[in-house]
Amino acid sequence: MNIKDTMQFVEFNTFYSEYAPLTPYGLLDKNKYHVFTDKKMLLSVYSSIGKIVSFINENSFESDKIEYHLKRISHLNTLERKTFDSSDIFLVKKLLVNFKSIVKLLNDEAKEDLQINFLSDELLNFLSYDGANKETFYLSAEYNTELAENRKKIAETDKVLAGIKKERLHEILKQHGLDFRFRDFIIASESITNNFSSELIYKEVYDKTSLLLKPMLPKEYFDLHKKREALLLEENKLEQDVLITISEKIIAEKAVIKNYINKIVLLDTLFAKSRMAIRYKMIAPVLIDKKATIEVVNGQYLPLANKCVRMDTTYTPLNAEFDNKTCVITGSNMGGKTVLLKTIGFMQLLTQMGFWVPAQKFKTSVFENIHYIGEDLSEKVEGLSSFGFEIYNLTNAIKDFETNTLLLIDEFAKTTNSIEAKAIIAAMLKSFSQKETVCSFVSTHFMELPEFEKVSFYKMKGLDYSEYKKYYNKEKQYSLRERIKLINTFMRYEIIKTDNKDRTYDAIKIANTLGLNDEIIRYTKEYLSENYD
Amino acid sequence: MNSIITEQLVNKTTFLVGNKKNAGKTTFLNYALTQLREVVQPAFFTIGIDGEASDLILDTPKPKVYTETGDYVVTSGLMINKSDALFEIIHVFPYKTVLGRLVLAKTLRSGNIELVGSEDNKQLAEIVAYLRNEEHINTIIIDGAASRVTQVASIKNSYFYYIIKLDQKSINSDINKLRTIALISKFRGIDKIEDTENKIVFEIKGALTESKLSMIPEDCDILLLNDFTKIFLDLSQVTELSGKLEIAYKIPYQLVFFVVILKDMMKEDFVRILENHNIEETILYNPYEY
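In what follows, the accompanying structure is described. Not measured: the values here are computed from a predicted model.

Criteria and thresholds
- Residues numbered from 1 in each chain as written.
- Chains lettered and ligands numbered in written order.
- Predicted model: local features only at pLDDT ≥ 70, side-chain atom pairs only at ≥ 80, totals over all residues.
- Heavy atoms only, no water.
- Helix = DSSP H or I, 4+ residues; strand = E, 2+ residues; numbered from the N terminus.
- Rg over C-alpha atoms; globule rule 2.2 N^0.38 Å.
- Buried < 20%, exposed > 50% of the residue type's maximum accessible area, 1.4 Å probe, protein only.
- Contact = heavy atoms within 4.5 Å.
- Areas by Shrake-Rupley, 256 points an atom, 1.4 Å probe, with all protein chains shown as cover.
- Lys, Arg positive; Asp, Glu negative; His and termini not counted.
- Charge placed at Lys NZ, Arg CZ, Asp CG, Glu CD.
- Axes fitted to C-alpha atoms, helices over the stretch in contact; angles between N-to-C directions.
- Parallel < 35°, antiparallel > 145°, perpendicular 65-115°, else oblique.
- Left-handed = near helix turned anticlockwise from the far one by under 90°.
- Nonpolar A, V, L, I, M, F, W, Y, C, P; charged D, E, K, R; others polar.
- Core = buried A, V, L, I, M, F, W, Y, C linked by side-chain atoms within 4.5 Å.
- Pairing = 2+ DSSP bridges.

Quick notes on the overall build of chain A
Along chain A, the regular secondary structure elements total 19 helices and 13 strands. Radius of gyration (C-alpha) of chain A: 37 Å, far over the 24 Å computed for a compact globule of 533 residues. The principal-axis extent of the C-alpha atoms belonging to chain A is close to 115 × 60 × 45 Å. Within the span of chain A, comprising 533 residues, buried residues form 49% of the whole. Taking contacts inside chain A between residues at least 6 apart in sequence as the whole, the part at least 24 apart equals 75%. Per element, the accessible surface of chain A, about 26,900 Å² overall, is 51% carbon and sulfur. The centroid of the 75 positive side-chain charges in chain A is displaced by 2 Å from the centroid of its 76 negative side-chain charges.

As structure tokens, this is what we get:
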């Protein structure tokens, strides 16, 4: 399903950016923008969110700990390799340690609901020679007796090498006053180096005036160093053997680990969705039969509701029970027609992306397609006018009418001549209303559209002009922000059902409120009274 | 023990920045680490994949970085596997390099290690944040790329050593570079705009280049830049500009020392040049000099 335009129209990302899974796997899942059309699956997700919400509310300490462990999970390099290196194994171990801790913290109900279990104690113990449940990893000598013996020899050799070097550096310090304890070399003026013993000090030219001096270490040191090199080669071979052994153990549990990753995605996304549900007091959507209509009780369009909080203005949630699947929305400019469409689109996207919704009730069905048709929000297609773009989108949407489709149509054809535009909208209403698979919300300024069976007409209540007039002070110079706030205060963003005969003339009042000059307002009113009743 | 260096590095994030390739950063890193280990277990890493083939303190093939038991190292997984030292993997960062993902490892057995790091300033900041916040490692040294100081700006409250190699052939331009860095690193930081005492502040976002000088209003009292790495002017331009107005930074950084590596030049001659140019900065001479 292509939901790009609808997402842009409803500014979905302002909400989605707050949705924050904690693991790299959860974040990858988030970036896939999954939209689900399987009703059973969605109901199961809503139910799981309910259980996680209860779990978080009742077990705040455990849920904080679970989130701590989720945050610590890193993305594995790969499981599709014959031999893993130390960092690959570290990542597997870290995943197992944290997943095990998460499973321990979940209650039985959540474990059963999500079918989460930890079955890899044996593997984890094998990876934990350096300490159980420690996230870090190193190729311990415990894995292989030969490796242990080899490392012991290296350690002994290092000790002897350090002793020889220490003794020689001390000798040089005593004899020549050169301190090489913190330096591998010293740069000194040529003039002071003449008496230095060539058995103790190696000299080479540094620049025109200086020599570079290095301590000469005894032959015994270099012989031992050679032995160390051989031991290191042997160590490397033995480490490879250990890596192969560990890799075989991991590969044997590959399917189980992959299942853990799936469970991590599930748990991580459910926790993130549940946190959102708690923050915004969300509820599970009610999914009904595809033939039924949409109902919203106190539905909040969060991108706007949050903006209103920031601007200290009132936000009016949406309350509507639509009695047909083809609905026409009319009303004033700035009256909330578009916001109504956005609210429906926002709620529907949340529903089908497996979120709860910010409402007291949201009754809807699952749509196979969701289309927004209106102003081009993305880059203009070259050569295509606004009207052309709308027609292009409508044509594409119609191709989907075989399956359940939601259409959000915002002020269709507003840029073309009003007579033909009205005719096309009338034709669209007639066509849509005859199709059981189509649920459409059409906002428009055109009044007196023809009536059809199964088409309902609604209008936004609009500006409460009598209340507004009591408050408005003609003498005061209002700023644009104050004027918008004034309109917002007296605009009634409520939807009421109409009989399609209701006329709305709020445009002049809005223009007046926004400061259009008196002359134009007066001429407009004169024109209206001369040409209309 | 060189207590001056140790005190300056402990519990700080310090960049080693060089004036040119092979200026001696890695050699200085090795020296600084030997001093630090006397008091703390340091963490160190580099920026990018070091393409420098040799080091001009030595003029020899690039020195290896020697890690001792207890050190924390950030490098690629491949380098960890190749090293003769032994490591415990503590964290794998989600950043890939051509030589594998970057890892944080603790040294269990001393040895040589080749450093590979991220060139991305954001990743660099995230690595430092991880070391500080998750692993509580507070002494961090970053072997910076040559001729670039922009990485310093990626970490708040960081310090830097400017390692400058001077030789007779390029003494004039090198001295000018030193004087420019000395001058621009002195300008103050302004945390809040209120600190400007009603003066007229003009902010330039991004780099201050010669072409942007004409944008600065005549009546400007303070020219605000993000940090000192945004100045792309030569000494005479900076001197002229700072004579007309105050230059300030949103993010201040502290230059700890200039580390001067002299080549084909006597220390006495260099001291005379410093006196002639009124340079009073703290100079740390090549710690490898007798």
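Examining the environment of F45 of chain B
Residues and elements named next belong to chain B. Within the fold, F45 resides in strand 2 (residues 43–46). By relative accessible area, F45 is classed as buried at 1%. Along the primary structure F45 and L115 are separated by 70 residues, whereas in three dimensions their C-alpha atoms are 6.4 Å apart. Non-local contacts of F45, meaning those with residues more than four positions away in its chain, are made with V74, L115, L124, I127, V128, L131, I140, I141, I142 and D143.

A look at the environment of K497 of chain A
All names here are of chain A. Counting through the fold element by element, K497 comes out in strand 13 (residues 491–497). Spatially, the C-alpha atoms of K497 and K461 are 9.6 Å apart, while their sequence positions differ by 36 residues. Not counting residues within four places of it along the chain, the set of residues in contact with K497 comprises D323, S456, F457 and Y458.

Here's the deal with the packing of helix 5 (residues 60–72) of chain A against helix 11 (residues 254–279) of chain A
Residues and elements named next belong to chain A. At a minimum axis separation of 11 Å, helix 5 and helix 11 run at an interaxial angle of 130°. Between helix 5 and helix 11, the angle is such that the two are oblique. For the pair helix 5 and helix 11, the sense of crossing is left-handed. Facing S63, D64, I66, E67 and L70 of helix 5, the residues of helix 11 in contact are I264, L267, D268, F271 and R275. Among the residues forming the contact of helix 5 with helix 11, the class breakdown is five nonpolar, one polar and four charged.

Let's talk about the nonpolar core
All names here are of chain A. One finds F322 and F441 to be the most contacted residues of the largest nonpolar core, which totals 200 residues. Ignoring any residue separated from it by four or fewer positions in sequence, one finds F441 in contact with I294, F322, C327, L340, L341, I344, L406, L407, L408 and I409. A397, L429, F446 and F457 belong to the second largest nonpolar core, which has 20 residues in total.

A few points about the sheet that holds strand 2 (residues 201–205) of chain A
Residues and elements named next belong to chain A. Strands sit in the order 1-3-2 across an open sheet of three strands; the sheet is antiparallel. Unpaired on one side and paired on the other, strand 1 (186–189) and strand 2 mark the two borders of the sheet. Across the sheet, the axes of successive neighbouring strands diverge by a mean angle of 35°, strand direction being ignored. Here strand 1 pairs with strand 3 (residues 210–215) via four bridges, running antiparallel. Along strand 3, the bridge assignment pairs I187 with L212.

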